[in-house]
Amino acid sequence: MALVNTDNGVPKKRRKAHSPGTKHDAEGYGLSREEANERRGAGWWVNLRRRGHKIVRLFKDSIYGSNDAAYKAARAYRDAIIEAIPPATNHEQAVLLRKNNQSGISGVRRIESREGDAWQATLMTNDGQKRENFTVSKFGELVAKSMAIAQRRKWLAALPVTHLAYAQHAAEVAQERFADDLIPVSGVMPETHLKDDEIEARIQSINDEFDKVRPKRLRVRVKYYHGSRLSVFVSDAGKPAKRKLVQINTRKLDKAEMLAAARSVVEATITEFYHAGVARWFMDAHGDNLLTDKHFHVRQGFNVLVFLPTDFVRTDQSHCALEEAIY
């Protein structure tokens, strides 16, 4: 069934997938619905943050076929992300350096107190903020700083390691999948047990897997824009998309010859992007009818977006595998 791009819905504000009382449950955590507007069609957003990495992806109804199908794909993607990347721990958070830190060690700073200049150790715990000062006049500069560092290290070692998952569903997943990976930091200097490059690699791997299973689509646009040229545009509507634009010089062609040339370009390009079976299917189902003297209006043209039948998707995959085996 051909899907024509007609995103003319009334603009609506993005709405959450949940009510305030259940905003952190499995059905709605990290998901939000956006209705069709002047910028794009309706779909489901995934919006997560993991260890300083913001992960955002839109699953559009027009790609997955329906609201429900787009929601299921978005939820599966969200689950893949939170099951692959654990939240940061309170220990990791505790050793992160703030921009205004001057000591080089989180939670240790030089201050002016009632007793005079001092090195202060602080740490936020479940029981509240811990704080202790070590005066320079009493211990000396280096010793006071060393004592503050040692005190903070002592507090940190006694602090149970937990994941910083504030949403109910995120906390449940972290507890189920990553409880055995809770490791205390070894000191008071910044460190993490999961490096940025590993996080990025995991996200990219998940993105690649979801890109592979996106429903296969095909966009064909044919229109006479100006002068004596007919514009034929074909795209697989993928991510990234394969695109091809061909301009047919119609100066010396009558309408029948022009349409024959357009059919030839469309069929050849679809074969290039997929294979001959897909090209024949599109021409039989749509192209041959659209590119006829009766139905094709030069100034109006057409712009269609279609989903490939599942059988052709499997055929396309088998075709690619066969080519790899041959070459």
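Residues numbered from 1 in each chain as written. Predicted model: local features only at pLDDT ≥ 70, side-chain atom pairs only at ≥ 80, totals over all residues. Heavy atoms only, no water.

It is not clear to me how the overall build of the chain should be interpreted in this structure. Could you clarify?
Along its length, the chain carries 10 helices and 12 strands. Of all 327 residues assigned to the chain, the portion counted as buried reaches 42%. Taking contacts inside the chain between residues at least 6 apart in sequence as the whole, the part at least 24 apart equals 57%. (Helix = DSSP H or I, 4+ residues; strand = E, 2+ residues; numbered from the N terminus. Buried < 20%, exposed > 50% of the residue type's maximum accessible area, 1.4 Å probe, protein only. Contact = heavy atoms within 4.5 Å.)

What am I meant to see in the sheet that holds strand β6 (residues 108-113) here?
For sheets, the rule is that strands pair by backbone hydrogen bonds, running either parallel or antiparallel. If you walk across this open sheet you meet the three strands as β6-β7-β8, and the pairing is antiparallel. The open sheet terminates on both sides in strands that have one partner only, identified here as β6 and β8 (128-135). Taking the axes of each pair of neighbouring strands and ignoring which way they run, one obtains an average angle of 35° across the sheet. On the sheet, helix α5 (residues 141-158) packs against β6, β7 (116-125) and β8 and is oriented at approximately 10° with respect to β7. (Pairing = 2+ DSSP bridges. Axes fitted to C-alpha atoms, helices over the stretch in contact; angles between N-to-C directions.)

Whenever I open this one, helix α7 (residues 196-212) confuses me. Can you help?
An α-helix turns once per 3.6 residues; consequently, residues spaced three or four apart project the same way. When the terminal C-alpha atoms of α7 are compared, their 24 Å separation across 17 residues agrees well with the 24 Å that a helix rising 1.5 Å per residue should span. All buried positions along α7 are accounted for by Ile199, Ile203, Ile206, Asn207 and Phe210. Relative to the axis of α7, the buried residues are bounded by an arc of 100° and lie together on one face. Exposed and oriented more than 90 degrees from the buried face of α7 are Asp197 and Lys212. (Expected span 1.5 Å × (residues − 1). Arc of directions from axis to C-beta.)

I keep staring at the environment of Ala88 and nothing clicks. Help me out?
When you line up the elements, Ala88 lands in the loop between α2 (67-84) and α3 (90-94). Note: C-alpha distance between Ala88 and Thr162 (74 residues apart in sequence) is 8.6 Å. Those residues in contact with Ala88 that lie beyond four places of it in its chain are Arg51, Thr162, His163 and Leu164.

Any chance you could explain the layout of surface pockets here in plain terms?
Space left empty within the atom packing is revealed by a probe, the size of a water molecule, rolled over the atoms. Considering only enclosed or pocket space, the largest pocket measures out at about 820 Å³ in volume. If you go around the largest pocket, you meet 30 residues; those closest to its centre are Arg98, Ser106, Gly107, Thr122 and Arg152. Every element with two or more residues in the lining of the largest pocket is listed here: α3, β6, β7 and β8. Per element, the largest residue contribution to the lining of the largest pocket is six residues, and it comes from β7. (1 Å grid on protein atoms, 1.4 Å probe; cavity = no way out; pocket = protein on both sides within 12 Å on 5 of 7 lines; lining within 4 Å. Points joined across faces, edges and corners; volume = space filled by probe spheres on them.)

I'm lost on the pattern of salt bridges in this one. Help?
Close approach of charged atoms allows side chains of opposite charge to pair. Applying the stated rule across the entire model yields 12 salt bridges. Note that Arg51 and Glu92 form a salt bridge whose closest N and O atoms lie 2.9 Å from each other. Taken together, the residues Arg51 in the loop between β4 (43-50) and β5 (53-60) and Glu92 in helix α3 connect sequence positions 41 residues apart. As a salt-bridge pair, Arg110 and Glu141 come within 2.8 Å of each other at their nearest N and O atoms. One end of the pair, Arg110, is in strand β6; the other, Glu141, is in helix α5, with 31 residues separating them in the sequence. On the basis of relative accessible area, Arg110 is assigned to the partly exposed category, the value being 40%. Judged by its relative accessible area of 33%, Glu141 is partly exposed. (Salt bridge = Lys/Arg side-chain N within 4 Å of Asp/Glu carboxyl O.)

How do you make sense of the environment of His295 when you look at a structure like this?
By the element assignment, His295 lies in the loop between α9 (276-290) and β12 (302-307). Of the polar contacts made by the side chain of His295, one reaches the backbone oxygen of Asn289; its length is 3.3 Å. One polar contact links His295 to Thr292, side chain to side chain, over a distance of 3.1 Å. (Polar contact = N/O pair within 3.5 Å; in protein donor to acceptor, adjacent residues only side chain to side chain.)

Where do I start with the environment of Phe59 in this structure?
By secondary structure assignment, the location of Phe59 is in strand β5. Residues Phe59 and Ala74, spaced 15 residues apart in sequence, show a C-alpha to C-alpha distance of 5.9 Å. Contacts of Phe59, omitting those with residues within four sequence positions, involve Gly43, Trp44, Val46, Tyr64, Ala70, Ala73, Ala74, Tyr77 and Phe210.

In this structure, what is going on with the packing of aromatic side chains? I would like to understand it.
A ring pair, where both rings are aromatic, is described by two values, the distance of the centres and the angle of the planes. For the structure on display, the rule yields seven aromatic pairs. Aromatic side chains Trp44 and Tyr71 sit 5.1 Å apart centroid to centroid with 65° between the ring planes, which places their arrangement in the edge-to-face category. Placement of Trp44 in strand β4 and of Tyr71 in helix α2 is noted, with a sequence separation of 27 residues between them. For the residue pair Trp44 and Tyr71, the accessibility class agrees, reading buried in each case. Ring plane angle 55° and centroid distance 5.5 Å describe the contact between Phe59 and Tyr77, whose orientation is recorded as tilted. One end of the pair, Phe59, is in strand β5; the other, Tyr77, is in helix α2, with 18 residues separating them in the sequence. Across the pair, Tyr77 and Phe59 agree in class, each one buried. One aromatic cluster is present, formed by Phe59, Tyr64, Tyr77 and Phe210 through successive ring pairs. A cation sits over an aromatic face here: Arg57 above Tyr77, 5.3 Å from the ring centre. (Phe/Tyr/Trp six-rings, centres within 6.5 Å; stacked < 30°, edge-to-face > 60°. Lys NZ or Arg CZ within 6 Å of the ring centre and 35° of its normal.)

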